[in-house]
Amino acid sequence: MSAIITVENLHKTFDTKDGSFDAIRGISLSIEKGDIYGIIGMSGAGKSTLVRCLNYLERPTSGKVMVEGEDLAELSEKELRSLRSSIGMIFQNFNLLMQKSVLANVMFPLRIAGAGKAEAKKRAKELLEVVGLPDKIHAYPAQLSGGQRQRVAIARALATDPKILLCDEATSALDPQTTESILQLLRKINTEMGVTIVIITHQMSVIREICTNVAIIEKGELVENGSVEEIFEHPKSRAAKRLVIEGKDPDEWEKKNGEIGAGAYDYEPVEQLKEHRRIRIVFTTNSSYEPVIANMILKFKTPVNILKADTKNVGGTARGEMILGLPDDTILQQQMIDYLKERELEVEEVEEDV
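Residues numbered from 1 in each chain as written. Predicted model: local features only at pLDDT ≥ 70, side-chain atom pairs only at ≥ 80, totals over all residues. Heavy atoms only, no water.

Caption draft 1: Main features of the nonpolar core. Residues Leu128, Ile154, Leu186 and Ile199 are the most contacted members of the largest nonpolar core, which totals 55 residues. Those residues in contact with Ile154 that lie beyond four places of it in its chain are Ile90, Val131, Ile182, Leu185, Leu186 and Ile189. Within the second largest apolar cluster, 30 residues are counted, among which are Leu10, Tyr37, Ala45 and Leu166. (Core = buried A, V, L, I, M, F, W, Y, C linked by side-chain atoms within 4.5 Å. Buried < 20%, exposed > 50% of the residue type's maximum accessible area, 1.4 Å probe, protein only. Contact = heavy atoms within 4.5 Å.)

Caption draft 2: Local environment of the packing of aromatic side chains. With the rule as written, the count across this model stands at one aromatic pair. Here Phe300 and Tyr339 contribute two aromatic rings whose centre-to-centre distance is 5.8 Å and whose plane-to-plane angle is 80°, an arrangement assigned as edge-to-face. Of this pair, Phe300 sits in helix H11 (residues 292–300) while Tyr339 is found in helix H12 (residues 330–342), placing the two residues 39 residues apart along the sequence. The exposure classification of Phe300 matches that of Tyr339, with both residues buried. Note that Lys12 overlies the ring of Phe14, its terminal NZ or CZ placed 5.1 Å from the centroid. Taking the ring centre of Tyr339 as reference, the NZ or CZ of Arg343 above it sits at 3.6 Å. (Phe/Tyr/Trp six-rings, centres within 6.5 Å; stacked < 30°, edge-to-face > 60°. Helix = DSSP H or I, 4+ residues; strand = E, 2+ residues; numbered from the N terminus. Lys NZ or Arg CZ within 6 Å of the ring centre and 35° of its normal.)

Caption draft 3: Region of the structure containing a positive patch on the surface. A grouping of Arg111, Lys117, Lys121 and Lys125 is seen on the molecular surface, where their side chains present a positively charged patch. The dominant element in the positive patch, judged by the number of residues it contributes, is helix H4 (residues 117–130), at three residues. By secondary structure assignment, the location of Lys117 is in helix H4. Since its relative accessible area comes to 58%, Lys117 is described here as exposed. (Patch = residues over 30% accessible without salt bridge, like charges linked within 9 Å, V, L, I, M, F, W, Y side chains within 5 Å. Areas by Shrake-Rupley, 256 points an atom, 1.4 Å probe, with all protein chains shown as cover. Salt bridge = Lys/Arg side-chain N within 4 Å of Asp/Glu carboxyl O. Lys, Arg positive; Asp, Glu negative; His and termini not counted. Charge placed at Lys NZ, Arg CZ, Asp CG, Glu CD.)

Caption draft 4: Quick look at helix H5 (residues 146–157). Look at H5: 16 Å from first C-alpha to last across 12 residues, which is about the 16 Å you get at 1.5 Å a residue. Listed as buried for H5 are Gly147, Gln150, Arg151, Val152, Ala153, Ile154, Ala155, Arg156 and Ala157. Where the residues of H5 are buried, they touch strand E6 (87–91), helix H3 (102–112), H4, strand E7 (164–168) and helix H6 (176–193). (Expected span 1.5 Å × (residues − 1).)

Caption draft 5: Layout of H4. Its 14 residues place the ends of H4 20 Å apart at the C-alpha level, agreeing with the 20 Å of an ideal helix rising 1.5 Å per residue. Buried within H4 are the following residues: Ala120, Ala124, Leu127 and Leu128. Down the axis of H4, the buried side of the element spans an arc of 100°, and every buried residue falls inside it. Opposite the buried face of H4, at more than 90 degrees from it, the exposed residues are Ala118, Glu119, Lys122 and Glu129. Its buried side turned inward, H4 meets H3 and H5. Looking one or two residues past H4, Gly132 carries a phi angle of roughly 80°, positive in sign. (Arc of directions from axis to C-beta.)

Caption draft 6: Here's a closer look at the pattern of salt bridges. Throughout the structure, instances matching the rule amount to 14 salt bridges. Note that Glu126 is salt-bridged to Arg123, the shortest N-O span being 3.3 Å. Placement of the pair is Glu126 and Arg123 together in helix H4, with a separation of three residues, close to one helical turn. Look at Glu126 and you get partly exposed, because its relative accessible area is 31%. On the basis of relative accessible area, Arg123 is assigned to the partly exposed category, the value being 21%. Here Glu342 ties to Arg343 by a salt bridge, and the two come within 3.5 Å at their closest N and O atoms. Classification of Glu342 by relative accessible area gives exposed; the value is 59%.

Quick look at the structure:
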């Protein structure tokens, strides 16, 4: 696959009454054609600024954004408008025209693009079929549920046959069941229409459910990126470890610590645990059904503390994980780790500050 979006050393600085603020600092990443790519971070991390830079709704202070090899900084305003027609966007608050019907909302971008009324109406009805709302063409947004409004917004975003769909917190205002249905719809659009999707979210559950690759943004910087499976199995940055090992969504850190600041990054939910050595185990398909921990305890005749046990859906595959507190004997610790690795388990150290 080839990159459809390339970001190189991107910076965005805002001038405020209190001075300059660096919202994005030196971010570089590549999004492959046909991917479902997630960008996650807590409020204020810079992820929404980043996504607005991808279509130049927000002009970067420095660095490059290239879409299909074209440097957006070198395009004229007319060329930018043309390019934006190939990049759809949906938002948390839907951004529908409340005084217009569902059909008229979906027709709107087509009419702006110069399509005739009959042609726009025909295409809008087709798209409402795609999103599962063929019976709502005469309804108004106020008569719809949140999930239905987001489906209309998706249909409208698809009206100009975009190659890329940017989703900025598109499921944040929805309940879990509705979120699941919207994610299924996005996956269908990606698979059947070949649209590359970029999802901005603060919900790790959304990343695990639908994304293939993910970038983790913290304080305006890219702290980790890679495949969702790889980061789930081997998180490296503190931010990734909080998301994966603790299972905390970034907004939960913020609720715990108040406004963003040093305290938000020092949250210590397991500070009461005193084990000298902790390890994290990721269960593979081959090992998930064997009582590995019970067998290990029987073999070495020494208990271990199970500090956490969980199963998560990662890209449609069940992945089990445990965090174990090992006994103090260092030789026995290594014997237990070797035993687990022999059984094809992924084993990694868990730092004291995670």
